[in-house]
Amino acid sequence: MLEHLQQLQSIVVSGHRGWKSAYPENTLLSFQQALDLGVDMLELDLRITRDDVVVVIHDATVDRTTDGSGPVGDYTLEELKRLDAGGWFGKVFEGLKVPTFEEFCELIAPYPDVLLNVEIKPDERALETADAAIVQLASRGELHRCVFTSFDATVLAHIHDKHGLKTQGFPGEQMHNYVPGPEGTISKMWAVGLSMKLLTPARVKEYEDLGILPWCYCPDDDQQVYYAIGCGSLLMTVNNPLPAMRIREQMDLSPTSFMPQP
């Protein structure tokens with residue numbers, strides 16, 4: 001499924017933590033709303049609880065996106081599930097919970113053509129998190145639609161070397177433990193994530209010449225989407241999918257058949 005992305009002739013939209021601009025990030029509601037909107041891919045963040053359950057949450061602590069406090073890894077799943085993961089975003093969302101990765105996988109099961117950008121957050125248990133998530137995905141037959149990412153080059157290399165899976169890295173100045181040189185971290189990358197601050201036509205060409213798919217984040221308004229298109233980065237991770245999806249329809253760049261069934 002993923003190989004066709006290397007010859008993109010259409011705009012591919014990835015929902016950042018679901019539909020982040022309109023719903024509490026990394027909740028099942030946010031992911032479902034993005035799916036209902038018709039995104040081509042979902043980006044999500046994984047960490048692991050004290051009792052070894054992979055959960056979907058971005059920050060190292062629960063402070064910003066729940067009514068709790070302290071490191072995610074200090075919580076058991078039962079304790080984490082007691083927290084409110086929606087009220088911080090708006091009163092109407094009170095009662096939403098931090099989802100397990102298993103719950104996320106059940107949610108996306110009816111959408112076999114939707115790709116997954118699975119980010120392993122860099123912490124002391126990142127390799128365990130990656131291995132556990134990969135086992136879950138493999139048991140469901142879902143690995144073919146996944147690209148794994150991390151800002152920790154050690155995690156990226158682990159996923160590439162141990163599991164032989166596709167990875168998306170970042171420019172060296174943004175990564176922890178980055179190994180320079182052609183045989184270093186860059187050799188582990190199938191794709192590279194470029195922030196809008198770093199996105200230029202020259203940078204896109206640099207990675208394309210290396211056979212690495214240039215992938216931008218987060219063009220969230222019309223001007224940024226048009227700029228990304230002009231730079232040649234047609235795969236876009238976005239907080240707000242509406243501008244990119246509207247513009248690709250206007251330009252007749254919708255990916256009606258960019259992902260053949262495996």
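Use the structure listed above.
Rules used in this analysis
Residues numbered from 1 in each chain as written. Predicted model: local features only at pLDDT ≥ 70, side-chain atom pairs only at ≥ 80, totals over all residues. Heavy atoms only, no water. Phe/Tyr/Trp six-rings, centres within 6.5 Å; stacked < 30°, edge-to-face > 60°. Buried < 20%, exposed > 50% of the residue type's maximum accessible area, 1.4 Å probe, protein only. Lys NZ or Arg CZ within 6 Å of the ring centre and 35° of its normal. Helix = DSSP H or I, 4+ residues; strand = E, 2+ residues; numbered from the N terminus.

Caption draft 1: The packing of aromatic side chains, seen in detail. Applying the stated rule across the entire model yields eight aromatic pairs. Pairing Trp 19 with Tyr 23 gives two aromatic rings, centres 5.5 Å apart and planes at 65 degrees, and the pair type is edge-to-face. Accessibility assignment for this pair places Trp 19 and Tyr 23 in one class, buried. Ring plane angle 75 degrees and centroid distance 5.3 Å describe the contact between Trp 88 and Phe 89, whose orientation is recorded as edge-to-face. Here Trp 88 falls in the partly exposed class, since its relative accessible area comes to 32%. Above the ring of Trp 88, the side-chain terminus of Arg 64 is found at 5.9 Å from the ring centroid.

Caption draft 2: Spatial organisation of unusual backbone geometry. Cis geometry is found at the peptide bond from Tyr 217 to Cys 218, where omega equals -15 degrees. Tracing the backbone through its elements, the reader meets Cys 218 in the loop between strand E8 (213-217) and helix H7 (222-231). We note that Arg 17 has phi near 55 degrees; this positive angle belongs to a residue other than glycine. Owing to a relative accessible area of 10%, Arg 17 belongs among the buried residues under this scheme.

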